Structure formats: structure tokens, C-alpha cells
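Each chain, letter by letter, is given below.
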Amino acid sequence: MKNIQSFDFKGFKAIVRVDFNVPLSNELVVIDDTRIRAAIPTIEKISNDGGIAILMSHLGRPKGGPEKKFSLGPVAKRLAEILDRPVHFVDDCVGEKVQKKIEELSEGDILVLENLRFYPEEKSGDPSFAGKLAGLADVYVNDAFGTAHRAHASTAVIADFFPEKKMFGYLMEAELSSVQKVMKSYEKPFTAIIGGAKVSTKIGIIENLFDKIDNLIIGGGMTYTFIKAQGGEIGDSLVENDFLDKANEILQLAEQKGIRVLLPSDSIIADEFSNDAQRLQSASDEIPEGWMGLDIGEEAVEEYEKCIRESRTILWNGPTGVFEFTNFENGTKSVANAIVQATEAGAFSLIGGGDSVAAINKYGLKEHVSYVSTGGGALLELIEGKDLPGVKAILG
Ligand code: AMP
């Protein structure tokens, strides 16, 4: 395994797995270029060294053959705009046409290949397809954290063809080192804020954090499964009745391990799932029939803020309420601001996994926390303690 910073790409063709799975408009224009921007440091390093950067990615869910609406052409165009220089594009990712295109390139050039998932062999991890991709280059760089939990041809299998010349890109390095800070070299007190809709999707994370954290802050829809499990009245709030026992188990285990669990003592309740619903403040365990908890209440906000501000390591996954509705975003916004304050006071804060990233972006606070992960599923699997195929393939 090589290190991207110390590797000199001059004279090398580098095939780079990036995560260019970006949303496109109906007119096929990139709507959000965050993921393209995240790959820029790696692309620039290769190009500035005098290497050739061959970029490969998937986009969307094509059915197994070429589909215009999933073409990476518009992504190549956007990349050229961001870099303010020409970027080459070829409408296939393997085969003679691609070979020929690469032969025409010179030092420092950048080429975007067409969507890998136009070939079903990509997802099935077909070794011969991986071999064809590998045959295009001398060096393999994996910078696609968003797909690192997949054992696909371009994310994992291809690495076998580069036993001496494979490495992580800068984004992968940054993602892995931020997870390392939280999961291995964390400072205490360590607080995990786990929110979002359902507890069923978060059990793995909570359980794997139990040997590390001091405080577990619970928010969002999953709150009410815990409250109901404890015998509370939750009205029409979101609940997973199959997970009541599990919720109690989690609470008991936390107690045995001396972890402080913070459930919201009060909630902002609504008479329908709508931003325009009637709103009331209620004890979280006394929610009347016909009402549902859509945000944490004022008392909970105060308690959560205090706990977060006193923390040295913070992991935030999942909003503490329906933050998409402005009338029910106060809890999530307050949590985000408290994380910023803690970070300013020296804490390490990692925000990751889906909607908490959307929340931190909504409040324009991305630059004020330690790290915002670009990986949803990949980050969650790392926190659950699983090995990621894309990471293992480079390290192994
Ligand atoms: P997740 O993908 O599991 O992190 O869930 C995120 C979603 O949970 C967001 O779209 C929120 O609107 C939703 N959510 C948060 N709090 C609640 C709540 N109290 N009731 C229903 N949905 C919620």
C-alpha cells in the first residue's frame, strides 16, 4: 500500500474510484456538486504531479445497460467548470474505445469514464470486469468513501490487480482518520447523539458505542419507542412496537455500563404530521391520543445543550426532530449549535450518516464542526465495527 501524499504520479496512469453519485435535474444538470468537490484534492494531486487521472464512478441505479439519465457526462462537465480546465469524457468504461481515448491523453490530463453500473458486472464484483478496468492504468486509488461498504468490481476487487500500487485518496484518508478519532483515540467525555426516525436502524451503532461513550443522547422518532417501552403514553407518535424489548435492553445495558442516557423529558407535539399542525409542549410520556411528538421540548433542549457543551468527543447521527418542518426544527438546530460551541471549545465532532448532515448544511454550520462525513451507509457500518470491503482491499 502506498500513501497518496508521498507518491509521485508523474508518468503514471492512475485509475481513481470516486463517488460521483450526484443528483441530476431533469435537464441533466448537476444539482448538488458536494461529492465532486470532495474528490478535487486527489484529482489535483495526480494531475499536478504530471500523472493521468482516470476517474470512474457509478451514478444512480441503471437497470444494467446504458441510460442517458444516468450518464456521467454532465458530471464531467461540472468537474471541468469547478477546475476551470478541460476534462475528457468517454461514453464507456472498458473496451477498445476507452483504451484508445487514454492513449490520446497527455501528462496532467483528466478523463471521466462512463457509469460503471451500465455493466451488471460492476455490482456483482466480477473479477474479469475488474481486470478490464485495472488494465487501463498503472496505479489504483480509492477515494470513494460513499461506496466503501460495497464489494464491487471498482471498489474492492480491482485492488487485487495492484498489489504494489494501490492507495487511498485524500477524502478516504480524511474520512477514516475522523472515524479513528471517534472510535479509537477519543477523549472523554464522549457523547453520542443518535436521532432519526427508527431505532431499528441504529441498534448496531448504539451497541458498538457502548464501550466508549459516557453519554447517549436520544432524539427524533426513535425516542417514542424508548418512552413507550418505559411505560409512557406516546399518543400517535412514531413507534416500533417490535423493538420495545430491545429498547429496554439498551437502557438496561447502558445502566450496567454506567452510561448516562438522555431521553427528552418534554416534546413539541403536533395534531398532524405537518408543518402547519397545531403545536403544544408536553411531557414526552404524557402525549395524548391524536397527537405526536415531532421535536424535543425546551427542557430537553437545555439539558442536551449542556451535555453536548461539556463533551470532548461528539458523534452526531440523526436529527432530534422533523427538522424539515421549520416549526419542529428547534431541537435539531439547538443540538447543531451546541456541537459548534463544543467544537470551538476544543472538542472533536463528527457528523455523519444521512439527515444530520442535511441538518448541519441547512444551518450553514459545516465549516464549524470538526468533520462532516460524506458517507452514509459506509460511515454507519464503520461505527458498527464492521470491516469495509473498500478499505480492506487497500490495506490487505
Ligand atoms: P434517519 O434516516 O433514520 O436518520 O431519519 C431521519 C428522518 O427522521 C428525518 O426525515 C426526520 O424528519 C425524521 N424524524 C425525526 N424526528 C421525528 C419524529 N419525532 N417523528 C417522525 N419522524 C421524525
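Residues numbered from 1 in each chain as written. Predicted model: local features only at pLDDT ≥ 70, side-chain atom pairs only at ≥ 80, totals over all residues. Heavy atoms only, no water.

### Quick notes on the site of the ligand
Then comes step 1: Of all residues adjacent to the ligand, which total 14 residues, the nearest are Ala-197, Lys-202, Gly-293, Glu-324 and Asp-355.
Then comes step 2: In this structure, a nitrogen atom belonging to the ligand sits 3.2 Å away from a main-chain N or O atom of Gly-221.
Then comes step 3: Summarising the interface, the protein chains cover 80% of the accessible area of the ligand, which totals 510 Å² for the free molecule.
Then comes step 4: Split into classes, the residues belonging to the shell around the ligand amount to six nonpolar, five polar and three charged. (Near = heavy atom within 4 Å. Polar contact = N/O pair within 3.5 Å; in protein donor to acceptor, adjacent residues only side chain to side chain. Areas by Shrake-Rupley, 256 points an atom, 1.4 Å probe, with all protein chains shown as cover. Nonpolar A, V, L, I, M, F, W, Y, C, P; charged D, E, K, R; others polar.)

### A word on the nonpolar core
Then comes step 1: By size, the foremost hydrophobic cluster in this structure holds 69 residues, and its most contacted members are Ile-15, Leu-113, Leu-133, Phe-145, Ile-158, Leu-209 and Leu-216.
Then comes step 2: If one sorts the elements of this core by residue count, helix α7 (residues 170-183) sits on top with six residues.
Then comes step 3: Lining this core are residues from two domains, each supplying at least three of them: domain 1 (13-169) and domain 2 (186-383).
Then comes step 4: Not counting residues up to four positions away in its chain, the partners in contact with Leu-133 are Ile-15, Met-56, Cys-93, Val-94, Leu-116, Ser-154 and Ile-158.
Then comes step 5: Listed in part, the 32 residues of the second largest apolar core include Phe-9, Phe-70, Leu-72 and Ala-80. (Core = buried A, V, L, I, M, F, W, Y, C linked by side-chain atoms within 4.5 Å. Buried < 20%, exposed > 50% of the residue type's maximum accessible area, 1.4 Å probe, protein only. Helix = DSSP H or I, 4+ residues; strand = E, 2+ residues; numbered from the N terminus. Domains from an automatic or database assignment. Contact = heavy atoms within 4.5 Å.)

### A word on the sheet that holds strand β4 (residues 110-113)
The strands that make up a sheet pair up through hydrogen bonds in the backbone, lying either parallel or antiparallel.
Then comes step 1: Sheet architecture is open: six strands sit in the order β3-β4-β2-β1-β5-β6, paired in parallel fashion. Edge strands, defined here as strands with exactly one partner in the open sheet, are β3 (88-90) and β6 (166-168). Recorded for the sheet is a direction-independent mean angle of 25° between the axes of neighbouring strands.
Then comes step 2: Across five bridges, the pairing between strand β1 (residues 13-17) and strand β2 (residues 52-56) is parallel. The partner of Ala-14 across the bridge, within β2, is Ala-53.
Then comes step 3: Together, β1, β2, β3 and β4 form the strand contacts of helix α4 (residues 96-103), whose direction differs from that of β3 by roughly 165°. (Pairing = 2+ DSSP bridges. Axes fitted to C-alpha atoms, helices over the stretch in contact; angles between N-to-C directions.)

### Looking at the sheet that holds strand β8 (residues 215-218)
Then comes step 1: The parallel open sheet is built from six strands, whose spatial order is β10-β8-β7-β15-β16-β17. Each edge of the sheet is formed by a strand with only one pairing partner; in this case those strands are β10 (260-262) and β17 (371-372).
Then comes step 2: Bridge count for strand β16 (residues 348-351) against β17 is two bridges, and the pairing is parallel. Across the sheet, residue Ile-351 finds its bridge partner in β17, namely Val-372.
Then comes step 3: Contacts from α7 reach β7 (190-194), β15 (313-317), β16 and β17, with the element oriented near 120° to β16.

### Points about unusual backbone geometry
Then comes step 1: Residue Pro-189 is reached from Lys-188 by a cis peptide bond, and omega for that bond is 0°.
Then comes step 2: Its identity as a non-glycine residue notwithstanding, Asp-84 has a phi of 55°, on the positive side.
Then comes step 3: Relative to the assigned elements, Asp-84 resides in the loop between α3 (73-83) and β3.
Then comes step 4: Looking at Asp-84, the relative accessible area reads 70%, which means it is exposed.

### So, the pattern of salt bridges
Then comes step 1: If you walk through the whole model with that rule in mind, you get 19 salt bridges.
Then comes step 2: Taking the shortest distance from any N to any O, the salt bridge between Glu-107 and Lys-10 comes out at 2.9 Å. Of this pair, Glu-107 sits in the loop between α4 and β4 while Lys-10 sits in the segment before β1; the two residues are 97 residues apart in sequence, bridging distant segments of the chain.
Then comes step 3: Looking at Glu-107, the relative accessible area reads 51%, which means it is exposed.
Then comes step 4: Across the pair Asp-19 and Arg-35 runs a salt bridge, and its minimum N-O distance is 3.5 Å. (Salt bridge = Lys/Arg side-chain N within 4 Å of Asp/Glu carboxyl O.)

### Brief notes about the packing of aromatic side chains
Then comes step 1: What the rule picks out here adds up to seven aromatic pairs.
Then comes step 2: An angle of 20° between the planes, with centres 6.1 Å apart, marks the rings of Tyr-140 and Phe-162 as stacked. Separated by 22 residues along the polypeptide, Tyr-140 in strand β5 (residues 139-142) and Phe-162 in the loop between β5 and β6 bring together distant segments of the chain. For the pair Tyr-140 and Phe-162, a shared accessibility class is recorded, and that class is buried.
Then comes step 3: Put simply, the rings of Phe-7, Phe-9 and Phe-12 touch in pairs and so form one group of aromatic residues. (Phe/Tyr/Trp six-rings, centres within 6.5 Å; stacked < 30°, edge-to-face > 60°.)

### So, the packing of helix α2 (residues 40-49) against α3
Then comes step 1: Packing of α2 against α3 brings their axes to within 12 Å, and their N-to-C directions diverge by 75°. In terms of axis orientation, α2 runs roughly perpendicular to α3. Residue-level inspection shows Ile-40, Ile-43 and Glu-44 of α2 in contact with α3, the latter providing Leu-79, Ile-82 and Leu-83.
Then comes step 2: Per-class residue counts for the contact of α2 with α3 are five nonpolar, no polar and one charged. (Parallel < 35°, antiparallel > 145°, perpendicular 65-115°, else oblique.)

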